Amino acid sequence: MSRDPFLEAALEEAKQGLAEGGIPIGSVLVRDGEIIGRGHNRRVQDDDPITHAEIDCLRKAGRVGKYAGTVLYSTLSPCYLCSGAVVQFNIKKVVVGESKTFPGAPDFLRSHGVDVVDAADEECITLMTEFIAKNPTLWNEDIGE
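First, a word on what this report is: a plain description of the structure on this page. On a predicted model such as this, the values are computed, not experimentally measured, just so you know.

1. Observations concerning the nonpolar core
- Within the largest apolar cluster, 27 residues are counted, with the highest numbers of intra-cluster contacts made by I25, L29, L72, V86, I91, M128 and W139.
- Elements with a contribution of two residues or more to this core: α3 (53–61), α4 (80–88), β4 (93–96) and α6 (122–134).
- Of all the elements, α3 adds the most residues to this core, at five residues.
- Residue contacts for I91: discarding those within four places in its chain leaves L29, L58, Y67, T70, L72, V86 and V114.
- Of all hydrophobic cores here, the second largest spans 13 residues; its members include L7, A10, V30 and Y73.

2. Re unusual backbone geometry
- With a phi angle near 60°, N90 is a residue other than glycine that sits in the positive phi range.
- The residue N90 is located in the loop between α4 and β4 in this model.
- Although it is not a glycine, A120 sits at a positive phi angle of roughly 45°.
- Tracing the chain through its elements places A120 in the loop between β5 (115–118) and α6.

3. Some words on the packing of aromatic side chains
- Scanning the model with the defined rule gives four aromatic pairs in all.
- Plain terms: the ring middles of Y67 and F89 are 5.0 Å apart, the flat faces sit at 35° to each other, and that makes the pair tilted. Here Y67, found in the loop between α3 and β3 (70–74), pairs with F89, found in the loop between α4 and β4; they are 22 residues apart in sequence, far enough to count as distant.
- Overall, F89 belongs to the partly exposed group, its relative accessible area being 35%.

4. So, helix α1 (residues 5–19)
- The end-to-end C-alpha distance of α1 is 21 Å, a good match for the 21 Å that 15 residues give at a rise of 1.5 Å each.
- The complete set of buried residues in α1 reads F6, L7, A9, A10, L11, E13, A14 and G17.
- Residues of α1 that are buried sit in contact with β1 (26–31), β2 (34–40), α2 (43–46), β3 and α6.
- Between a side-chain oxygen at the N-terminus of α1 and the backbone nitrogen of F6 the separation is 2.7 Å; the capping residue is D4.
- Of the residues flanking the end of α1, it is G21, one or two places downstream, whose phi is positive at about 90°.

What counts, and at which threshold
Residues numbered from 1 in each chain as written. Predicted model: local features only at pLDDT ≥ 70, side-chain atom pairs only at ≥ 80, totals over all residues. Heavy atoms only, no water. Core = buried A, V, L, I, M, F, W, Y, C linked by side-chain atoms within 4.5 Å. Buried < 20%, exposed > 50% of the residue type's maximum accessible area, 1.4 Å probe, protein only. Helix = DSSP H or I, 4+ residues; strand = E, 2+ residues; numbered from the N terminus. Contact = heavy atoms within 4.5 Å. Phe/Tyr/Trp six-rings, centres within 6.5 Å; stacked < 30°, edge-to-face > 60°. Expected span 1.5 Å × (residues − 1). Polar contact = N/O pair within 3.5 Å; in protein donor to acceptor, adjacent residues only side chain to side chain.

Next up, the structure:
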């Protein structure tokens, strides 16, 4: 079975972040079957605790007007910060690469009418599992522990 091309694009972003010495989480924003924004976790690269993948993606998408009909893809289940941005901008669907290594805030999203789809993608799981094993201190910093 082939992977969703938008999840594949998010995974490319995650790998780019890792290659830059950062945390391998990627995200893309899609409207009408086209990527309108893409980003990856840049906390390490930018020395900025707020630049999670989803935030970087939304920033790079720029001012898109209404987010009706957009879908946010993320290689990892969004945290409360990023889930708050999803709710704030009224994005109604989030496709998650995986939630095994980090559960994120799916109940929060669903309670605000967001359709959350967990792909349970093995490559996303492996990427994060290996990163966390090699970088536990950096990972714990990223999730606020």
